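Listed below are the residues making up each chain.
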Amino acid sequence: GGVSIYPENGGDAEALLKNADTAMYHAKEKGRNTYRFYAAKMNAQSTEQLMLESALRRALERGELEMHYQPKLNLQTQRIVGVEALMRWHHPVLGMVPPVQFIPIAEELGLIVSMGRWALEQACADALAWQKHGLPQVLISVNLSPRQFESRTLVADVKAVLDASGLDPSLLELEITESAMMANPEQAVELLRTIRDIGVGLAIDDFGTGYSSLSHLKHFPLSTVKIDRSFINDLSQDADARALIDGIVTLAHGLRMKVVAEGIETAAQLEFLRSHGCDEAQGYWLCKPVSAGEARDFMARHLRNQFAPSVLA
Ligand code: C2E
Ligand code: MG
Ligand code: MG
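Keep in mind that what you see is a predicted model, and the values were worked out from it rather than measured. (Residues numbered from 1 in each chain as written. Chains lettered and ligands numbered in written order. Predicted model: local features only at pLDDT ≥ 70, side-chain atom pairs only at ≥ 80, totals over all residues. Heavy atoms only, no water.)

Engineer: Can you tell me about the site of ligand 1, naming the residues and giving the values?
Structural biologist: Looking at ligand 1, there are 23 residues lining it, with Arg88, Asn143, Arg229, Glu265 and Tyr284 nearest. Between an oxygen atom of ligand 1 and a side-chain N or O atom of Arg88, the distance comes to 2.8 Å. Separating a nitrogen atom of ligand 1 from a side-chain N or O atom of Gln148 is a distance of 3.1 Å. Within the complex, the protein chains bury 85% of what would otherwise be the 800 Å² of accessible surface of ligand 1. Judged by the proximity of its atoms to the pocket grid, ligand 1 belongs to the largest pocket. Those elements that place two or more of their residues in the shell around ligand 1 are strand 3 (65–74), strand 4 (80–91), helix 3 (99–109), strand 6 (139–144) and strand 8 (201–207). Ranked by residue count, the leading element in the shell around ligand 1 is strand 4, at four residues. Residue composition of the shell around ligand 1, by class: nine nonpolar, six polar and eight charged. (Near = heavy atom within 4 Å. Polar contact = N/O pair within 3.5 Å; in protein donor to acceptor, adjacent residues only side chain to side chain. Areas by Shrake-Rupley, 256 points an atom, 1.4 Å probe, with all protein chains shown as cover. 1 Å grid on protein atoms, 1.4 Å probe; cavity = no way out; pocket = protein on both sides within 12 Å on 5 of 7 lines; lining within 4 Å. Sits in = over half its atoms within 2 Å of the grid points. Helix = DSSP H or I, 4+ residues; strand = E, 2+ residues; numbered from the N terminus. Nonpolar A, V, L, I, M, F, W, Y, C, P; charged D, E, K, R; others polar.)

The structure is reproduced here in structure tokens:
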């Protein structure tokens, strides 16, 4: 139940009831058989939430969404071989709202399906623009949230976007988190097969954080395993994290999957992963997520540096 007190929480019955209601909703969020005293903060929180929700409903049509890209380095060839597409929301007043804040709201409101389709379109368009600019082809990876993964229109959407853009399906990869896959493994396997049959690559994102064990990997038709950032963070102190990375690399390679490490922030982490057989690295050490134009310039610069004869040679 909800509790409000006269006169602190309202001068009349109506105000008291309204605030007791607010308190009750908060109590319900905490589970059954509990109660909450009204706090002015509760309304402030829900007002802020409502404001975010209604702003997010219009973000797409108002052109407030943008795709940023973070390059991935092949640790053998030193080439940029892919980019991860990451969504950004520039709210005119709130400024940059981080995806961890707005993606869950978009999920809840069902907006993620249209936003995700837009992200795919944008990513394909940017990938083609880089090709036209003369850059070597790179794999473009787009994140899917659980709700998109469950959407009945997913496969049709992916096909339609690829057809409309003309991007080679083998240049697109979809990243799905381990927890989204494990929510309904049988259904996931079937859906993943359908997507793979279009020629699109599949990555398991944030691997190691969910409930799946290494042995689950063999059931999913994946092209890529992305080792979660938390293991990379722990590398220097934690022998278990190092052993786990060895295990993931060995198993993934045995299953003909590629291993990407995310969240590489230091040269030491990069060196560890390279010497332990990891295929690709992504992280602030190489490049932060940047706009499509900056990503193009970064890739061009990286390529020039590779071709430039070394001063010492
Ligand atoms: P994710 O797919 O695991 O993406 C990697 C996140 O790690 C990104 O956060 C990236 O900016 C961040 N990151 C990259 N390198 C480093 C590093 O060296 N250090 C640290 N500390 N962080 C690094 P971001 O862009 O805030 O995105 C967060 C999450 O939001 C993503 O996690 C993804 O799950 C979701 N997301 C982002 N864009 C989209 C999208 O277009 N659609 C969907 N459905 N989800 C998205
Ligand atoms: Mg990702
Ligand atoms: Mg990740």
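Engineer: Please provide a residue-by-residue account of helix 12 (residues 292–307), values included.
Structural biologist: The end-to-end C-alpha separation of helix 12 is 23 Å, in line with the 22 Å expected for 16 residues at 1.5 Å each. Residues of helix 12 that are buried: Ala292, Ala295, Phe298, Met299, Ala300 and His302. Residues of helix 12 that are buried in the fold lie against strand 3, strand 4, helix 4 (112–132) and strand 12 (290–291). (Expected span 1.5 Å × (residues − 1). Buried < 20%, exposed > 50% of the residue type's maximum accessible area, 1.4 Å probe, protein only. Contact = heavy atoms within 4.5 Å.)

Engineer: Any details on the layout of surface pockets? Residues and values, ideally.
Structural biologist: By volume, the largest pocket is sized at about 1,100 Å³. Taken together, 37 residues make up the lining of the largest pocket; nearest its centre are Glu84, Leu86, Pro99, Val100 and Asn143. By residue number, the principal contributor to the lining of the largest pocket is strand 4, which donates five residues. (Points joined across faces, edges and corners; volume = space filled by probe spheres on them.)

Engineer: So, the coordination of the magnesium ion (ligand 2): which residues are in play, and what are the values?
Structural biologist: Protein coordination of the magnesium ion (ligand 2) is provided by Glu84 (OE), Asn143 (OD1), Glu175 (OE) and Asp205 (OD), with donor distances spanning 2.0 to 2.2 Å. We note that the donor set of the magnesium ion (ligand 2) lies within a single chain, spaced as E-x58-N-x31-E-x29-D. In this structure, the magnesium ion (ligand 2) lies 4.0 Å from the magnesium ion (ligand 3), and both are coordinated by Asp205. Note that Glu175 is positioned in strand 7 (residues 172–177) and Asp205 in strand 8, a separation of 30 residues in sequence. Considered together, Glu175 and Asp205 belong to a single accessibility category, that of buried residues. (Donors = N, O, S within 2.8 Å, 3.2 Å for Na, K, Ca; no water.)

Engineer: Any details on empty space enclosed by the protein? Residues and values, ideally.
Structural biologist: Under the counting rule described, the total for this entry stands at two cavities of 30 Å³ or more. Of the volumes computed, that of the largest cavity is approximately 80 Å³. When contributions to the lining of the largest cavity are tallied by element, the ones reaching two or more residues are helix 4 and helix 6 (154–165). In this structure, the second largest cavity spans a volume of roughly 40 Å³. Lining the second largest cavity are Ala127, Trp130, Gln131, Leu135, Pro136, Gln137, Val138, Leu167 and Leu171. Classifying every residue of the lining of the second largest cavity gives seven nonpolar, two polar and no charged.

Engineer: Residue-level account of the coordination of the magnesium ion (ligand 3), with values.
Structural biologist: The protein atoms that coordinate the magnesium ion (ligand 3) are Asp205 (OD), Asp206 (OD), Glu262 (OE) and Glu262 (OE), at distances spanning 2.1 to 2.5 Å. Expressed as a motif, the donor residue spacing for the magnesium ion (ligand 3) is D-D-x55-E. For Asp205, a relative accessible area of 5% puts it in the buried group.

Engineer: So what's going on with the pairing of strand 4? Residues and values would help.
Structural biologist: Counting buried positions over the twelve residues of strand 4 gives ten, a clear majority of the element. Bridge count for strand 3 against strand 4 is nine bridges, and the pairing is antiparallel. Within strand 4, the position partnered with His68 by the bridge is Leu86. Judged from the four bridges that link them, strand 4 and strand 6 form a sheet pairing that is parallel. Bridging across to strand 6, Ala85 finds its partner in Val142. With three bridges connecting them, strand 4 and strand 5 (residues 95–97) associate as antiparallel partners. (Pairing = 2+ DSSP bridges.)

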